[in-house]
Every structure is written in C-alpha cells, then in structure tokens.
Amino acid sequence: MYFHYYGQLLHQQNMLQDYVRTGTYYAAVIENRADFTGRVVVDVGAGSGILSLFAAQAGAKHVYAVEASEMAEYARKLIAGNPSLSQRITVIKGKVEEVELPEKADILISEPMGTLLVNERMLESYVIARDRFLAPDGKMFPTVGRIHMAPFSDEYLFVEIANKALFWQQQSYYDVNLTPLYGTAFQGYFSQPVVDAFDPRLLVAPPIFHVIDFTKVKEEDLYEIDVPLRFTAAVGTRVHGLACWFDVLFDGSTVPRWLTTAPGSPTTHWYQLRCVLSQPLYVMAGQEITGRLHLVAHKSQSYTIYLTLQTKMWGPGAEQGGILQTSSGKLDLKEPYYRMSQPQSYTVAQDQQPHQLLQSQELNVQTQDIEEADLLEQPAQNSGAHFG
Ligand code: SAH
C-alpha cells in the first residue's frame, strides 16, 4: 500500500510542488556545497530523485539514490535526462533496510517527515540507513527535527466536529432510533487529528518543543514518544486541544537552515495538526496547563496519540495542588481529518506580524528563516500530506 502510493508520479509531483519544502532543501544543499563537493551521498527514499540531483549539482562525487517503490524506474529516467549529473548518480531499487552499497556515505540526504514529523514511520528507515551506510562523523540532512506543541482555542472547529455526530441523535430516522450510536460517533470524530492551516492567534500559550536528533536517536526510541506538557496560558479562554507542527534543521557547515511548518509561516503540504479534545478546559490568564502527549507506534506505519491536558486550581487553595479539570483523548494519526478544503477565513494582512507567542520562541534559533518567506511565497495548494 505504502510503496504503491509513492510509486505514482502524481504524489511525487505533489511533494515537488510544495515550494517551501523543495525550495528549502535546494537552498540547504546549494548553500552548503562544501558538505557535498567531492563527497559520497546516499539519498534515503529518493522518490523522483530530486534530492540526488540537487546533491550532484552541489558537486557530489557520487550519489546512491535508494528508492523502494516503482518510482525508482522514473527516477532513473529523470536522472538520465540530466546528463551533466547522471554520471554521478546510481539509482538502487530496494529498501534502505535491505540494499547493499559499495561504499560508506559522507552525508545522507532524505525527506522522511510525515504529519507531526513522525507519521509514516519513515524516520526509522532514516535511522537504519544512518547505521548501515553513514561513515563515522558523517552528516545528515536533515540533522534534527522538533515537534512543537501549544494549546489552542477554536470554538468553530470544536462545534464543527461535535456537530458531525448530531446525525446520530435522531430518534426517528425512517422510524429507527439512531441514538444508541451517538456516543460512539461522537468519540469517533474526536479521534481524528485535524490537518489544516490555522491562524497562530488561536494559540493560548507559548509553544514548547520536543527534539529528535536524527544523528543520535535509536530506532527503538521512535516506537514510543512521551512528551510531558507544561504551558502558561497567556489569555483566559476555553482550551479545545493541542496544536502541533514540526521543523527540521539542515545543520550545514556553511549555513544552517530550518524548514518549518509553523502556523503563520508559508504553508506546506504538511499544514499543521490539531488534536481536539471532546471536553474543553477553562483557563485564566497566567494559569498553568499541564499534561502529556504520548505517541505509540502501530503496525499501519503511524501512531496512536494519547493526549491529556489538565489545569490546576488558581488563587487561594492552589498550594493544595488539587486538579480541577482533566481532559483526555485517544486519536489515530493514520486517520486525519483533512480540513483544508474548507476555505479559511484567516488571511495575513500586509503589515501583520507573526503571532507574538511564536515569535518569542523562534527568534533565537530561526533567524536564518527570514529570507525564506521572500524566496518561497507560494503555498502548496495540494491535498494530502504524504501517505494518507
Ligand atoms: N526524496 C523525495 C521523495 C520523498 S517521499 C523528495 O524529497 O521529493 C519518501 C520516499 O521514500 C518515497 O518515495 C518512498 O517510497 C520512499 N521510502 C520510504 N521508505 C523507504 C525505505 N524503507 N526504503 C526505500 N525507500 C523508502
């Protein structure tokens, strides 16, 4: 199923046409020529072969483009049609877990990210490729990934999801009482993470992040990812769940560069992900929101998401630490609700700054992103972030 999807040219085109994605990879490679010139490169999951071609453009001595799907044939064709580069690229059809390469790599390049960074579980293949092919002290492009999280408030989204189950509240649908299945339907809709681009002003606290260092992480570490949550609400509102996005760093020796999928940044085909809780929480400004995001890998190349958010008592009596409200949800990352088809009311005004809460976090690490918005302003208007 998985490799059948990537064997189709239209899905590769969808990724290629995400100009934020492809343009950032291009910039990261070309600006860091020194990391490629004269080096042996392995492209992990080469797809159309685009990243192999970039690496060859940057002067790679040789690129091994490993691709498991039928796309390997098309990659061969595409690469052969670029004769100035094709001499230095070998396409190898097979899984990175299984193929043998004649030499060790100085640098790995790959685009293994799915929704919430980890969907599709291709990071595991990236890590296996590292252990099999990368020379000691070799580089990885991307080098690290971060999952960012913040509680959000979105009354419209909450009502939209809750209303989907209303159908099952009918007591006489062709004289049939549908209500016995109302609860099941309600929970079912809340088990779908929502994928769309949202207004960062919906965030109610500064985000936190969880780092995955691709150069160090073990394959097993990716089976279960446990993130303790702790936020301080910036406003008094109803919290409807947890908003998540990711970024990855190309830690090039000339210009380190981030690829971000943050809300308010130019939209990518990954959009953002929101886990909506069926029970909203009430918070006051300054109140602490704690909880846990627990991701458990499953056999369908995705994760079960266990989310808990809690708010503690505020003011007199707080020192007793009594928990006032807890809300939990279990969601399947494999079955997202793609909401992008519905037009978003949000448009960024010319003079509008990115969200205050985001700025405070990103400022120290992402200064090199400034020109990215100018360079790559076309949002990807495609459906489906990777393998759905
Ligand atoms: N590198 C391309 C394609 C990225 S999509 C680009 O950036 O445009 C990820 C690709 O990796 C898909 O084509 C998929 O078939 C391939 N892939 C996923 N897991 C793999 C594995 N274990 N071995 C080889 N290829 C794999």
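Just so it is clear, the structure is predicted and the values come from calculations on it, not from any experiment.

1. So, the site of the ligand
Residues in contact with the ligand amount to 21 residues; listed here are only the nearest, R21, G45, E67, V96 and E97. Measuring from an oxygen atom of the ligand, one finds a side-chain N or O atom of Q12 at 3.1 Å. Measuring from a nitrogen atom of the ligand, one finds a backbone N or O atom of V96 at 3.1 Å. Its free accessible area being 570 Å², the ligand has 99% of it covered by the protein chains. Its atoms largely coinciding with the cavity grid, the ligand occupies the second largest pocket. Taken together, the elements giving at least two residues each to the shell around the ligand come down to α1 (2-6), α2 (9-16), α4 (50-57) and α7 (122-133). With 3 residues, α1 is the largest single contributor of residues to the shell around the ligand. Here the residues of the shell around the ligand sort into 10 nonpolar, 6 polar and 5 charged.

2. Description of the packing of aromatic side chains
Throughout the structure, instances matching the rule amount to 15 aromatic pairs. Ring centres 5.4 Å apart and planes at 85° place the aromatic pair F36 and F141 in the edge-to-face group. Here F36, found in the loop between α3 (19-30) and β1 (40-44), pairs with F141, found in strand β5 (residues 134-141); they are 105 residues apart in sequence, far enough to count as distant. Residues F36 and F141 agree in their burial class; the two are buried. Judged by centre distance (5.7 Å) and plane angle (45°), the rings of F158 and F190 are tilted. A residue pair is termed long-range when its members are at least 10 positions apart, and F158 in helix α8 (residues 155-164) and F190 in helix α9 (residues 182-190) qualify at 32 residues. Accessibility assignment for this pair places F158 and F190 in one class, buried. Among the aromatic residues, those joined into a cluster by ring pairs are Y2, F3, Y5 and Y6. Of note, R146 hangs over the ring of F209, and the distance from its end group to the ring centre comes to 4.4 Å.

3. Here's the deal with a nonpolar patch on the surface
Taken together, the side chains of F167, Y173, Y174 and V176 make up a nonpolar region of the molecular surface, amounting to roughly 430 Å² of accessible area. Position of F167 relative to the elements: it lies in the loop between α8 and α9.

4. A closer look at α4
Across the 8 residues that make up α4, a large majority, 7, are buried. The complete set of buried residues in α4 reads I50, L51, S52, L53, F54, A55 and A56. One or two steps after α4, the chain reaches G59, where phi turns positive at roughly 95°.

5. Comments concerning the sheet that holds strand β4 (residues 105-110)
Reading across the sheet, the 5 strands line up as β3-β2-β1-β4-β5 and stay open at both edges, with parallel pairing between neighbours. The strands lining the two open edges of the sheet, one partner per strand, are β3 (89-93) and β5. Across the sheet, the axes of successive neighbouring strands diverge by a mean angle of 25°, strand direction being ignored. Sheet topology places strand β2 (residues 62-67) next to β3; 5 bridges connect them, and they run parallel. Its bridge partner lying in β3, V66 is registered against I92. Sitting on the sheet, helix α5 (residues 71-80) is in contact with β2 and β3, with an inclination near 165° to β3.

6. Some remarks on the layout of surface pockets
Empty space among the atoms becomes apparent when a probe as large as a water molecule is rolled across them. For the second largest pocket, the calculated volume is near 540 Å³. Looking at the second largest pocket, it is lined by 30 residues, and the ones nearest its centre are Y2, F3, G45, M122 and S125. Here the residues of the lining of the second largest pocket sort into 13 nonpolar, 8 polar and 9 charged.

7. What to know about α9
Taken together, the buried positions of α9 are A185, F186 and F190. For α9, the arc enclosing every buried residue in end-on projection is 135°, short of the 170-degree limit, so these residues lie on one face.

Rules used throughout
- Residues numbered from 1 in each chain as written.
- Predicted model: local features only at pLDDT ≥ 70, side-chain atom pairs only at ≥ 80, totals over all residues.
- Heavy atoms only, no water.
- Near = heavy atom within 4 Å.
- Polar contact = N/O pair within 3.5 Å; in protein donor to acceptor, adjacent residues only side chain to side chain.
- Areas by Shrake-Rupley, 256 points an atom, 1.4 Å probe, with all protein chains shown as cover.
- 1 Å grid on protein atoms, 1.4 Å probe; cavity = no way out; pocket = protein on both sides within 12 Å on 5 of 7 lines; lining within 4 Å.
- Sits in = over half its atoms within 2 Å of the grid points.
- Helix = DSSP H or I, 4+ residues; strand = E, 2+ residues; numbered from the N terminus.
- Nonpolar A, V, L, I, M, F, W, Y, C, P; charged D, E, K, R; others polar.
- Phe/Tyr/Trp six-rings, centres within 6.5 Å; stacked < 30°, edge-to-face > 60°.
- Buried < 20%, exposed > 50% of the residue type's maximum accessible area, 1.4 Å probe, protein only.
- Lys NZ or Arg CZ within 6 Å of the ring centre and 35° of its normal.
- Patch = residues over 30% accessible without salt bridge, like charges linked within 9 Å, V, L, I, M, F, W, Y side chains within 5 Å.
- Salt bridge = Lys/Arg side-chain N within 4 Å of Asp/Glu carboxyl O.
- Pairing = 2+ DSSP bridges.
- Axes fitted to C-alpha atoms, helices over the stretch in contact; angles between N-to-C directions.
- Contact = heavy atoms within 4.5 Å.
- Points joined across faces, edges and corners; volume = space filled by probe spheres on them.
- Arc of directions from axis to C-beta.

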